[in-house]
Amino acid sequence: MFTKLFTAACTAALMSALPLAAKGPQLKIYHDDEHTDTVTRATYYVIGITTPDAKAWVNGEEAHVYKTGSFGGEVTLKPGLNKIPVKVTADGKSEKKTVEIYYNNAPRQATRQSLPTTKALATPVNIKSLPGAYFQYGNGGDRLGGSKIGFVDAGIDMTAVGETPNLYKVQLSDNRYAYIPKEYAAEGGEGATTVNTGSWSLSNTGKTDRISVSLPVRLPYTSRTEIEPSVLKVSLYGATCNSNWITQRGNLDMIDFVDFEQEESDVLTITIRLKEQYQWGYTIAYAGESSTLNIDVRHRPVSLELKDLTIGLDAGHGGAYPGAYSPSGLKEKDVNLDIVLKAAQILRDKGANVVLTRDGDTGPSMTERKQTWREGNVDLAISVHNNASGNPLVPMGTSAYYKHLFNRQLASSLHQSMLSLGLANFGLTGNFNFSLNGPTDYPNALVEVLFMSSLPEEELLADPEYRGKLAAKIVEGLENYLNMVKKSL
């Protein structure tokens, strides 16, 4: 119910309903006045907006009116029709409305949620990966899509053994499967095969330590990171080891040593032990049009001073994608952008180079945002959003997110810095499926600053000076992370 109340349409109706010059205090309730809402929970939140200097009452209880004009009250409904009086007063004048809510307290029948079904293909289909392809673990999904394993290069032959309307189920090895979106796969090719690995080489490219594995064909792969100790693992599917030595010389910056293990008859896993505690990203791709797989482990920047670094910043949403709305009409895209621009200015004042995915009311795609950071050769990247939903009457808090384990400490540092403002703790979340957390090319994290839907936090977000404090804490969290890296060296 609460999510419904904060749609763009409702906010637009609210703003048009509040005249600039009114004879009495303004009052708008987030409620469809033409219909009686039916709910199945006894707890109901009445949310409204009035003039900031007014007093407000919900169901006879005085409600705090925030500087934004938003106010609200919690009501315990009785079975059947509930008529909830709302009143505001200012300058000796008052305005009243009645909110009608029908509470259906009949026991709800449990409904079994239908699970996605993968249909087995009568005849396996040969497919080839396209640019932008990625694997996901299963056939499920939510608003962020299916849970992703990671990106894979184009031109990899695979065999699809099942499908859903949008996905192919591919057989990576005798015992392992994954899903790939059909939009990133073309029918044709040679299908999956099992081959012997060839020669290996390790080299320092100047910006990365590179492991090159010679293969007769392009094989699918997945990767994962570990943090204690700092390790990168890459699994090759359809590979049997015929590499009898790995020559390792001493001119590598990040890699301590490389080993491999034939985990299964057709799964070869490469273990890359790093010299340092913190990782700076890696890329996996086939060289040009060849089938030589390059694993590039990025070097730590020569200097960890902000004046010598390039920081990527992303203001979530934008353009035709406003994100969440607050009760008083703040748009998330505008709040995100203001915080990011303030953070960018702080970073520039400290000498950093800043690469923004947007600096105005534009709506670049996720692919375009990632491309902007790659082309800008960022050393680290942070995306800034604000949250919504939950109890609108209490502070919901700040949170930070990461996908890959090597980014956990960056996200944690940003989160701890935000919490130092005295904000509520909404948590640190790992394996987050947000698109901008997907790349492994550079350390990255997402900050969900506060909740647009929380009345006390809306008041904070509406204050430009406080948004400056939030921006400063994002920069402080980044600096704290860099200091941790320095101490580890």
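The sections below set out a description of the structure shown in this document. No experiment lies behind these values; they were computed from the predicted model shown.

**Topic: the packing of aromatic side chains**
- For the structure shown, the criterion picks out nine aromatic pairs.
- Their ring planes at 80° and their centres at 6.1 Å tell us that Y134 and F151 sit as a pair that is edge-to-face. Linking Y134 in strand β10 (residues 134-136) with F151 in strand β11 (residues 148-151), this pair joins segments that are 17 residues apart in sequence.
- Classification of Y134 as buried rests on a relative accessible area of 14%.
- Ring centres of W373 and Y442 lie 6.0 Å apart, and the angle between their planes is 90°; on these two criteria the pair is classed as edge-to-face. Of this pair, W373 sits in helix α4 (residues 366-375) while Y442 sits in the loop between β30 (425-429) and β31 (444-451), and the two are 69 residues apart along the sequence.
- On the accessibility criterion, Y442 (2% relative accessible area) is buried.
- One aromatic cluster is present, built from ring pairs that chain together Y134, F151 and Y184.
- Its end group placed over the ring of W57, K87 keeps NZ or CZ at 4.9 Å from the ring centre.
- Its guanidinium or amino end placed over the ring of Y177, K169 lies 4.7 Å from that ring's centre, counting from NZ or CZ.

**What about the nonpolar core?**
- In terms of nonpolar packing, the biggest core is built from 89 residues, with V170, I272 and L313 touching the most fellow members.
- At nine residues, the largest contribution of residues to this core is made by helix α7 (residues 464-488).
- When near neighbours in sequence (up to four residues on either side) are disregarded, V170 contacts I127, F135, M158, T159, A160, R176, Y177, A178 and I180.
- In this structure, L27, Y44, L77 and V99 belong to the second largest nonpolar core, which totals 18 residues.

The rules behind these values
- Residues numbered from 1 in each chain as written.
- Predicted model: local features only at pLDDT ≥ 70, side-chain atom pairs only at ≥ 80, totals over all residues.
- Heavy atoms only, no water.
- Phe/Tyr/Trp six-rings, centres within 6.5 Å; stacked < 30°, edge-to-face > 60°.
- Helix = DSSP H or I, 4+ residues; strand = E, 2+ residues; numbered from the N terminus.
- Buried < 20%, exposed > 50% of the residue type's maximum accessible area, 1.4 Å probe, protein only.
- Lys NZ or Arg CZ within 6 Å of the ring centre and 35° of its normal.
- Core = buried A, V, L, I, M, F, W, Y, C linked by side-chain atoms within 4.5 Å.
- Contact = heavy atoms within 4.5 Å.

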